[in-house]
Amino acid sequence: MDWLAARERLGDAIFAPLAPALGRLPADRFPTHAELTALAAGITTSRGQPLRFIAPREHTDRERRYYELHIAATGEVETRPENWHDLFNALAWVTYPRAKARINAQHAALLEEGGDSEARNRGPERDALTLFDEGGVVVAARSPELLRLILEFEWKALFWDRRAELASSIRFFTFGHACYEQALEPYIGMVAKTVFVPVDELFFMLPMESQVSHADALVAAHFSSRAKFHSPKAMAPMPVLGVPGWHFAAQDEAFYDDPKHFRSKGARPAAA
């Protein structure tokens, strides 16, 4: 999808966390590396390196395996020009600077501890970090009962039957850059890994940008403990397009009865 074709879609609710950053980008073309770096002014890695978005270089296999460690040590994030996946990664750094830096720091620490063995064969902790970084959604909630519905795969009860309560008790924030890329051309079956963060009623009175900033700090704190991401199974899955307003199609009652998208707990995925 080219830039102009995507501009209208980028105004959809699923992209809301990126709105401030998107508003500072050129209206008619992909941003340059220099423009992305300027957008990230003041953001640093966990090791204090200023974030910079640069053109990709040729690498050996070993260098590619140590991608995250290179970012932590240098601040250089290789970004392919006119590439949605890499652009959304850059925008995620700008939108969630603390959480992205913490996830990157954990990758770097695990690589330093595990050496070439960890670099060649990613362990369950880095699997979990990668899955959330690529395809994660932050669930900021003040209702444990609604979170239980996610854990129990009670999708219709969550998204349809209790929609009014949902609006006042939970906020969903897209985090993963691959999730943003998929949302340009959404399809039934999009699933995200979730991180739950607790908030109080005052959180829901904040403007969106302040909510996102607060969620960023909470996610960074979540990933400070390895016990929270010991494996991908530590994060509950969620059908992305069930979130009210996150799909351009009609989200009526029949939509939430579709078993292809809203599987019950223990049901096997449909064959490809």
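That block above? That's the structure.
Reference entry: report on the structure contained in this document. On a predicted model such as this, the values are computed, not experimentally measured, just so you know.

Concerning the overall build of the protein
Move 1: Summing up its helical and strand segments, the protein has 13 helices and 6 strands in all.
Move 2: In terms of overall size, the protein behaves like a compact globule, its C-alpha atoms giving a radius of gyration of 19 Å where 272 residues would be expected to give roughly 19 Å.
Move 3: On the principal axes, the C-alpha backbone points of the protein span a range of 50 × 45 × 45 Å.
Move 4: Here the protein, with 272 residues, has 49% of them falling under the buried criterion.

Details of the side chain of S169
Move 1: The residue S169 is located in helix α11 (residues 163-169) in this model.
Move 2: Residue classification places S169 among the buried positions, given a relative accessible area of 5%.

With respect to the packing of aromatic side chains
Move 1: Summed over the entire model, instances satisfying the criterion amount to 22 aromatic pairs.
Move 2: Three or more aromatic residues link up through ring pairs in this structure, and these residues are F153, W155, F159, W160, F172, W246, F255, Y256 and F262.

Points about helix α12 (residues 177-184)
Move 1: When you tally the buried positions in α12, you get 6 out of 8 residues, the bulk of the element.
Move 2: Within the sequence span of α12, burial applies to H177, A178, C179, Y180, A183 and L184.
Move 3: Residues of α12 that are buried sit in contact with α1 (3-7), α6 (84-95), α7 (97-120), α8 (124-135) and β4 (170-174).

A closer look at helix α5 (residues 67-74)
Move 1: All buried positions along α5 are accounted for by E68, L69, I71 and A72. For α5, the arc enclosing every buried residue in end-on projection is 160°, short of the 170-degree limit, so these residues lie on one face.
Move 2: In the segment just after α5, G75 is the residue with positive phi, at about 80°.

Details of the side chain of T95
Move 1: Along the chain, T95 falls in helix α6.
Move 2: For T95, a relative accessible area of 13% translates into the label buried.
Move 3: A distance of 2.8 Å separates the side chain of T95 from the backbone oxygen of L91, its partner in a polar contact.
Move 4: The residues contacting T95, other than those within four sequence positions of it, are P17, L18, A21, V212 and D216.

Focus on unusual backbone geometry
Move 1: With a phi angle near 50°, E82 is a residue other than glycine that sits in the positive phi range.
Move 2: Positive phi values are uncommon outside glycine, yet F153 reaches one of about 60°.
Move 3: The residue F153 is located in the loop between α9 (144-151) and α10 (155-161) in this model.
Move 4: Exposure remark for F153: the relative accessible area of 18% places this residue in the buried category.

Topic: the packing of α6 against α12
Move 1: Viewed as axis vectors pointing N to C, α6 and α12 meet at an angle of 130°, and their least axial separation amounts to 8 Å. Here α6 lies oblique to α12, going by the angle between them. Handedness of the α6/α12 crossing: right-handed. Every residue of α12 that contacts α6 at W84, H85, F88 and N89 is listed here: H177, A178, Y180, E181 and L184.

Some words on the nonpolar core
Move 1: The biggest cluster of nonpolar side chains holds 78 residues, and the ones touching the most others in it are F15, W84, F88, L91, F132, F159 and F172.
Move 2: The dominant element in this core, judged by the number of residues it contributes, is α6, at 7 residues.
Move 3: Apart from residues no more than four positions distant in its own chain, F159 is found in contact with L166, F172, M238, P239, G242, V243, P244, Y256 and F262.
Move 4: In terms of nonpolar packing, the next biggest core, distinct from the first, is built from 6 residues, Y66, A108, L111 and A119 among them.

Quick look at the pairing of strand β3 (residues 136-141)
For a regular strand, side chains alternate in direction, first toward one face of the sheet and then toward the other.
Move 1: Burial within β3 is extensive, with 6 of its 6 residues counted as buried.
Move 2: Burial along β3 is two-sided: G136, V138 and A140 facing one way and V137, V139 and A141 facing the other are all buried.
Move 3: Where β3 lies against strand β5 (residues 191-198), 6 bridges are found, and the strand directions are parallel. Among the inter-strand pairings, V139 is bridged to a residue of β5, identified as F196.
Move 4: Pairing analysis gives 5 bridges linking β3 to β4, with the strands arranged antiparallel. In the sheet register, V138 faces β4, and the bridge partner there is F173.

Details of the sheet that holds strand β6 (residues 237-239)
Move 1: Spatially, the 4 strands line up as an open sheet ordered β4-β3-β5-β6, and their pairing is mixed. Of all strands in the sheet, those bounded by a partner on one side alone are β4 and β6. Pairwise comparison of adjacent strand axes, ignoring direction, gives a mean angle of 40° for this sheet.
Move 2: Sheet strands touched by α8: β3 and β5. Its angle to β3, the strand with the most contacts, is close to 85°.

About the cut-offs
Each residue is numbered by its place in its chain's sequence as written, counting from 1. pLDDT decides what is reported in this predicted model: residues at 70 or higher carry local features, side-chain atom pairs at 80 or more are listed and counted, and totals for whole chains, interfaces and linings draw on all residues regardless. Only hydrogens and water are set aside; all other atoms, that is, all heavy atoms of the structure, feed into the side-chain values. Going along the chain from the N terminus, every DSSP run of H or I of four or more residues is numbered as a helix, and every run of E of two or more is numbered as a strand. To get the radius of gyration, use the C-alpha atoms; to get the globule rule, take the number of residues to the power 0.38 and multiply by 2.2 Å. Throughout this description, buried means an accessible area under 20% of the type-specific maximum (1.4 Å probe, protein chains only), exposed means over 50%, and partly exposed covers the range between. Only centres within 6.5 Å qualify two rings of Phe, Tyr or Trp (six-membered ring in Trp) as a pair; their planes then separate them into stacked at under 30 degrees, edge-to-face at over 60, and tilted for everything else. Whether two residues are in contact is decided by their heavy atoms, any of which lying within 4.5 Å being enough. Each direction from the helix axis to a C-beta atom contributes to the arc, which is the arc of those directions. Nitrogen and oxygen atoms within 3.5 Å of one another constitute a polar contact, given that in protein one can donate a hydrogen and the other can accept it, and given that sequence-neighbouring residues count only through two side-chain atoms. Whenever a helix is involved, its axis is fitted only over the stretch in contact; in every case the axis is a line through C-alpha atoms, and angles between N-to-C directions fall within 0 to 180 degrees. By the definition adopted for this analysis, an angle is roughly parallel if under 35 degrees, roughly antiparallel if over 145, roughly perpendicular if from 65 to 115, and oblique otherwise. A crossing counts as left-handed when the near helix is turned anticlockwise from the far one by less than a right angle, and as right-handed when that turn is clockwise. Take the buried residues of types Ala, Val, Leu, Ile, Met, Phe, Trp, Tyr and Cys, join any two whose side-chain atoms come within 4.5 Å, and each joined set is a nonpolar core. At least two bridges found by DSSP between two strands are what make those strands a pair.

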